[in-house]
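Single-letter residue listing:
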Amino acid sequence: MLQNLSFVFEVLALVIVIIQYKKIERTPYVFFLPYLLLIVLYELGSFFYLFVINKSNAWITNIIISIEFLFYSCLLIVLLDKKLRARLVILVLSAFLFTVVDVFAIQGFWDLGTIAILVQYVVLIVLVCMFFSQLMRRSGEHLSLIRLPAFWINTGLLFFCLAEFMFFAAFTYMTAKKNYNYYMLWLVISNMANLILYSCLSISFLCFNKKKLSY
Amino acid sequence: MFQQEEVIVLIIAGTIMLLLLGIFIVSFLFFYQKKHNSHITEKSQLQAQFDQELLKAQLEIQEQTLTHVSREIHDNIGQVLSFVKLSLASAKKMDDKQKNQKIDENRELVAQAITDLRDLSKSLSFERIKTLGLQQAIALELERINKSDIIKTHLHTTGEVYEMDGQKELVLFRIFQEALNNAFKHAYARNLRISLIYAADLFTLTIEDDGAGFSVADKLKENSGSGLKNMDNRAALIGGSATIDSLPGEGCCIKISLDPITRENYANGNYPNSPG
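Thresholds applied
- Residues numbered from 1 in each chain as written.
- Chains lettered and ligands numbered in written order.
- Predicted model: local features only at pLDDT ≥ 70, side-chain atom pairs only at ≥ 80, totals over all residues.
- Helix = DSSP H or I, 4+ residues; strand = E, 2+ residues; numbered from the N terminus.
- Buried ≥ 20, exposed ≤ 12 C-beta atoms within 10 Å, placed from the backbone.
- Contact = placed C-beta atoms within 7 Å.
- Pairing = 2+ DSSP bridges.
- Right-handed = clockwise from strand over helix to strand, strands pointing away.
- Axes fitted to C-alpha atoms, helices over the stretch in contact; angles between N-to-C directions.
- Parallel < 35°, antiparallel > 145°, perpendicular 65-115°, else oblique.
- Left-handed = near helix turned anticlockwise from the far one by under 90°.
- Nonpolar A, V, L, I, M, F, W, Y, C, P; charged D, E, K, R; others polar.
- Core = buried A, V, L, I, M, F, W, Y, C linked by C-beta atoms within 7 Å.
- Expected span 1.5 Å × (residues − 1).
- Arc of directions from axis to C-beta.
- pLDDT = per-residue confidence, 0-100.

(A) Examining the overall build of chain A more closely. The number of helices and strands found in chain A is nine helices and zero strands. Counted from the first residue to the last, chain A has its helices and strands arranged as α-α-α-α-α-α-α-α-α. Counting over 215 residues, chain A shows a buried share of 38%. Considering only contacts in chain A between residues 6 or more positions apart, those separated by 24 or more positions represent 76%.

Quick look at the structure:
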């Protein structure tokens, strides 16, 4: 039920992006269209077990999570101060390089690269916090946060990463034990995190209706 | 099995704590932004209030100038010219020698009227205060008042005169005018001492009179004390402070102090420099 609901929210976010396309056409948010399309296709494929190889779809999850990381980090770098751009690009590339090393050399391509996921989440949380701090330092402007698309995207992303962090931290240990409760917990946490993220994304795209903003 | 359950509890507790951290971060941002927005609103309101007060001060100075001009025209120039007219009319019946004498007398009177008119054209308007500067503007105003012999004024300037922000000088001049008006009309003062102290980090304008005096506390309670409140508000508006000392029968001393470098005009300093 929860899984279906989170899928509905992913599709809803995609539909809103398509509807709002004209308004986001000239902004970095336009890349959400191919990204969400990819996510929906991945979820659909996963739903019908299309990506299962060696009794697992971990390999495609590794790829999708890495794309997700690169997509959100690039978006956040664009939103953040230009002065920091070079350093942030190095940080993101380092995290991506570590992901490659983790997936191919440490945990293996056919297993979920949880160490890399944790590193990616830490980097994303840092970028989100930097964005929030940048918002706080903006002086002389009357800002309405709830009408700011970037605020919703960052909020959704923050809660998504925070919600899944502990789960992935215990993933390797718990999957080895094949604990059913852990599987149930995964369903709850993962779907709740997706629900939060995609509802925040939908709100952010709807914000383009109200006012054209630089963020 | 027990260990695995413990790990699950740990995951749930950890996730809840991390989510709470997220809620705290977002709430903090909201709270901060709300404060920031109210700070901006407050600042724009103070700016609007300042602009309004400035405009009011300009209008009052203009009104004062017009009153002075009309009084001068009516009481002085008008009288002189009427006298000249009558004098010239009476000259018809005089012989040539007396006529010449009369013409000379009237020429002197007309010359005096022209001088008075010229002085009048130099009357202080807010534009002139900007051009002259506060010290010169006060000096000229006192010079004009001294001519009337109603009140004796003394100006003391200490330190090297420097220019302040035009708006500050305008408001200071208006406070000076208000104090002068009070000393003249209400206190029936005979002597007025103005002191301007130009220190590097503090400017002080002191206006002392030997008039009837009053109880400051009583005056502020009454509606008639609005002039004093005005002075206080205006001093605060330009980032300064006003001290009013007076007792019945002992004259009055008004002291305005301000930091000449401070750029912020809308004073009181009640709003925080940064939100949060």
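(B) How the structure looks around the overall build of chain B. A tally of helices and strands in chain B yields seven helices and five strands. When the elements of chain B are put in sequence order from the N terminus, they spell out α-α-α-α-β-α-β-β-α-α-β-β. Split into buried and exposed, the 276 residues of chain B put 23% on the buried side. The long-range fraction of contacts in chain B, counting pairs at least 24 apart against all pairs at least 6 apart in sequence, stands at 72%.

(C) Quick peek at the pairing of strand β1 (residues 152-158) of chain B. Residue and element names in this part refer to chain B. Where β1 and strand β2 (residues 191-198) come together, seven bridges link them in parallel fashion. When the bridges of β2 are listed, T153 appears paired with L192. Taking the sense of rotation as the criterion, the β-α-β connection linking β1, helix α5 (residues 166-185) and β2 turns out left-handed.

(D) Seen up close, the packing of helix α6 (residues 114-137) of chain A against helix α7 (residues 149-169) of chain A. Residue and element names in this part refer to chain A. Put simply, α6 and α7 touch, their axes get as near as 9 Å, and they point 150° apart. Regarding the angle of α6 to α7, the classification is roughly antiparallel. For the pair α6 and α7, the sense of crossing is left-handed. Seen from α6, the contacting residues are T114, I117, L118, Y121, L124, I125, V128, F131 and F132; seen from α7, they are A150, N154, L157, L158, C161, L162, E164, F165, F168 and A169. Grouping the amino acids of the contact of α6 with α7 by side-chain chemistry returns 16 nonpolar, two polar and one charged.

(E) Examining the nonpolar core more closely. Of all hydrophobic cores here, the largest spans 65 residues; its most connected members are A13(A), L124(A), V128(A), L157(A), F160(A), C161(A) and L197(A). In this structure, I175(B), A183(B), A187(B) and F203(B) belong to the second largest nonpolar core, which totals 36 residues.

(F) Region of interest: helix α5 (residues 85-106) of chain A. Residues and elements named next belong to chain A. Between the first and last C-alpha of α5 there are 30 Å, a value that for 22 residues agrees with the 32 Å anticipated at 1.5 Å per step. V92, A95, T99, D102 and V103 are the residues of α5 that are buried. Buried positions in α5, seen along its axis, are confined to an arc of 90° and lie on one side of it. Relative to its buried face, α5 has exposed residues pointing more than 90 degrees away, namely A86, R87, I90, L93, S94, L97, F104, A105 and I106. Tucked into the core, α5 has its buried residues touching α4 (58-79) and α6.

(G) A look at the pairing of strand β4 (residues 240-246) of chain B. Because side chains alternate across β4(B), one face comprises the buried residues G240(B), A242(B), I244(B) and S246(B), and the other comprises S241(B), T243(B) and D245(B), none of which is buried. The turn joining β4(B) and strand β5 (residues 252-258) of chain B, which pair antiparallel and follow one another in sequence, is formed by five residues; a positive phi near 80° is taken by G249(B).

(H) Local environment of α7(A). With 21 residues, α7(A) should cover 30 Å at 1.5 Å per step; its first-to-last C-alpha distance of 30 Å lies within 8% of that length. Burial runs high along α7(A): 21 of the 21 residues are buried.

(I) Quick peek at the sheet that holds strand β3 (residues 203-209) of chain B. All names here are of chain B. Spatial ordering of the open sheet is given by β1-β2-β3-β5-β4, a layout of five strands whose pairing is mixed. Because the sheet does not close on itself, it has two edges, and the strands there are β1 and β4. The average angle at which neighbouring strand axes cross in this sheet is 10°, direction not considered. Here helix α4 (residues 134-147) sits on the sheet and contacts β1 and β2; the angle it forms with β1, its principal contact strand, is near 160°.

(J) Here's a closer look at the packing of α7(A) against helix α9 (residues 180-206) of chain A. Residues and elements named next belong to chain A. As a packed pair, α7 and α9 sit with axes 7 Å apart at the nearest point and diverge in direction by 175°. Accordingly, the angle class assigned to the pair α7 and α9 is roughly antiparallel. On α9, the residues that touch P149, W152, I153, T155, G156, L157, F159, F160, A163, E164 and F167 of α7 are W186, I189, S190, M192, A193, I196, L197, C200, L201, I203, S204 and F205. Taken together, the residues of the contact of α7 with α9 sort by class into 18 nonpolar, four polar and one charged.

(K) Main features of unusual backbone geometry. Positive phi values are uncommon outside glycine, yet Y49(A) reaches one of about 55°. On the secondary structure map, Y49(A) appears in the loop between α3 (32-47) and α4. One non-glycine residue, Y188(B), lies in positive phi territory at about 50°. Along the chain, Y188(B) turns up in the loop between α5 and β2. For Y188(B), a count of 13 C-beta atoms within 10 Å gives the class partly exposed.

(L) Just the environment of L148(A), in detail. Residue and element names in this part refer to chain A. Here L148 is to be found in the loop between α6 and α7. Given 21 C-beta atoms within a 10 Å radius, L148 is considered buried. Distance from L148 to L206, taken between C-alpha atoms, is 10.0 Å for residues 58 residues apart in sequence.

(M) Quick look at the confidence of the model for chain B. Residues and elements named next belong to chain B. A residue-level look at chain B finds 91% of positions with pLDDT of 70 or above and a mean pLDDT of 82. In this model residues 266-276 is a low-confidence stretch, pLDDT under 50, and it forms 21 contacts with partners more than four residues away in sequence or in other chains. Both confidence scores are given for the complex: pTM 0.67, ipTM 0.85.

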